[in-house]
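Here is how the chains run, residue by residue.
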Amino acid sequence: MGNPGTFKRGLLLSALSYLGFETYQVISQAAVVHAAAKVEEILEQADYLYESGETEKLYQLLTQYKESEDAELLWRLARASRDVAQLSRTSEEEKKLLVYEALEYAKRALEKNESHFAAHKWYAICLSDVGDYEGIKAKIANAYIIKEHFEKAIELNPKDATSIHLMGIWCYTFAEMPWYQRRIAEMLFATPPSSTYEKALGYFHRAEQGKTYLKLHNKKLAAFWLMKAKDYPAHTEEDKQVRRNRSS
């Protein structure tokens, strides 16, 4: 028969090991809860700054968490990067860096959560922006990808009027594509991207008939819809996206 003292010490060590594991689990779970609560707090701050039009403060807040694995933070960071790029005081060199930075954040958001409509929407928007620096061939080549992500965003959230409206802009852009761009598209693809004014109008009507911006009581989104008024100033990134597409 073994030494009773040794046996008791073994039991004691086993008990302590078990208690240590239980304590570790409790601490780990508490850390997860705390981390989730912190993310929620950051998102609340971010949304408040966005609604307040504090573009640079929002960017400064979110870049502190650029290594985050949270899709909610990452797509907001993509949007914030793009918004700073659109500011009139941002130099052309800084703008280019921010546009590519925004695309990278949107890409990571999509990798973390492929089921998030905003990740698809902002990936499409940012990919479109990058085309301005990579030439007409790249822009047309990316057109299919942009369309797919807008369609996926609408599929995941059929009430998101922004995605629906931007899909309408995509259709409008390719419905009025200049002849020289159409020739490039025909050289790149057997069936180049194309659309019709009727399709574009269908998306615009769908955006208006759905959960319209004015009904959301959101001034920033309402402003985007009111861009139909000729002299309405462009404030948000969506405003500038629409104006840029109209003038291209």
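Residue numbers restart at each chain and count upward from 1, following the sequence in its written direction. For this predicted model, a pLDDT threshold of at least 70 governs which residues receive local features, and a threshold of 80 or more governs which side-chain atom pairs are given and counted, while totals over whole chains, interfaces and linings are taken from all residues. Just so you know, side-chain values use all the structure's heavy atoms and leave hydrogens and water out.

Under the annotation held in an unreviewed UniProt entry, the chain carries the name Regulator of microtubule dynamics protein 1 and is attributed to Piliocolobus tephrosceles.

Enquirer: Quick rundown of the packing of aromatic side chains? Include the residues and the values.
Expert: Side-chain rings of Phe, Tyr and Trp, where Trp is taken by its six-membered ring, are said to pair if the distance between their centres is within 6.5 Å; with planes under 30 degrees apart they count as stacked, over 60 as edge-to-face, and otherwise as tilted. With the rule as written, the count across this model stands at three aromatic pairs. An angle of 50° between the planes, with centres 6.2 Å apart, marks the rings of Y100 and Y133 as tilted. Here Y133 lies in helix 5 (residues 117-156) and Y100 lies in helix 4 (residues 92-112), a separation of 33 residues in the sequence. Taken together, a centroid distance of 4.5 Å and an interplanar angle of 35° make the contact between W170 and F174 tilted. Taken together, the positions of W170 and F174, both in helix 6 (residues 161-175) and four residues apart, correspond to about one turn of that helix. Between buried and exposed lies partly exposed: a residue is buried under 20% and exposed over 50% of the maximum accessible area for its type, with that area taken using a 1.4 Å probe on protein chains only. Taking relative accessible area as the criterion, F174 reaches 9% and is therefore assigned buried. A ring is considered to have a charge above it if a Lys NZ or an Arg CZ atom is located within 6 Å of its centre and within 35 degrees of its normal. Positioned above the aromatic ring of Y50, the side-chain terminus of R79 is 3.6 Å from the ring centre. For helices the rule is a DSSP run of H or I covering at least 4 residues; for strands it is a run of E covering at least 2, with both sets numbered from the N terminus onward.

Enquirer: I'd like a rundown of the nonpolar core, residues and numbers included.
Expert: Core analysis: the biggest nonpolar cluster contains 55 residues, and L58, L62, F150, M167 and W170 have the highest contact counts within it. Those elements that provide at least two residues to this core are helix 1 (4-51), helix 2 (55-63), helix 3 (71-86), helix 4, helix 5, helix 6, helix 7 (179-188) and helix 8 (197-209). For this core, the leading source of residues is helix 5, giving 14 residues. Throughout, a contact is declared for two residues whenever any of their heavy atoms are within 4.5 Å. Setting aside its immediate chain neighbours within four residues, W170 contacts A143, I146, K147, P193, S194 and S195. In these notes, a set of buried Ala, Val, Leu, Ile, Met, Phe, Trp, Tyr and Cys residues joined through side-chain atoms within 4.5 Å is what counts as a nonpolar core.

Enquirer: Tell me about the pattern of salt bridges, and name the residues and values.
Expert: Here, a salt bridge means any side-chain nitrogen of Lys or Arg that lies within 4 Å of a carboxyl oxygen of Asp or Glu. This model, assessed by the stated rule, comprises nine salt bridges. For E69, the salt bridge is made with K112, and the minimal N-O distance between the two is 2.4 Å. Here E69, found in the loop between helix 2 and helix 3, pairs with K112, found in helix 4; they are 43 residues apart in sequence, far enough to count as distant. When the shortest N-O distance is used, the salt bridge between K147 and E151 registers 4.0 Å. Residue K147 and its partner E151 are located together in helix 5, separated by four residues, close to a single helical turn. Residue classification places K147 among the partly exposed positions, given a relative accessible area of 25%. With a relative accessible area of 33%, E151 lands in the partly exposed category.

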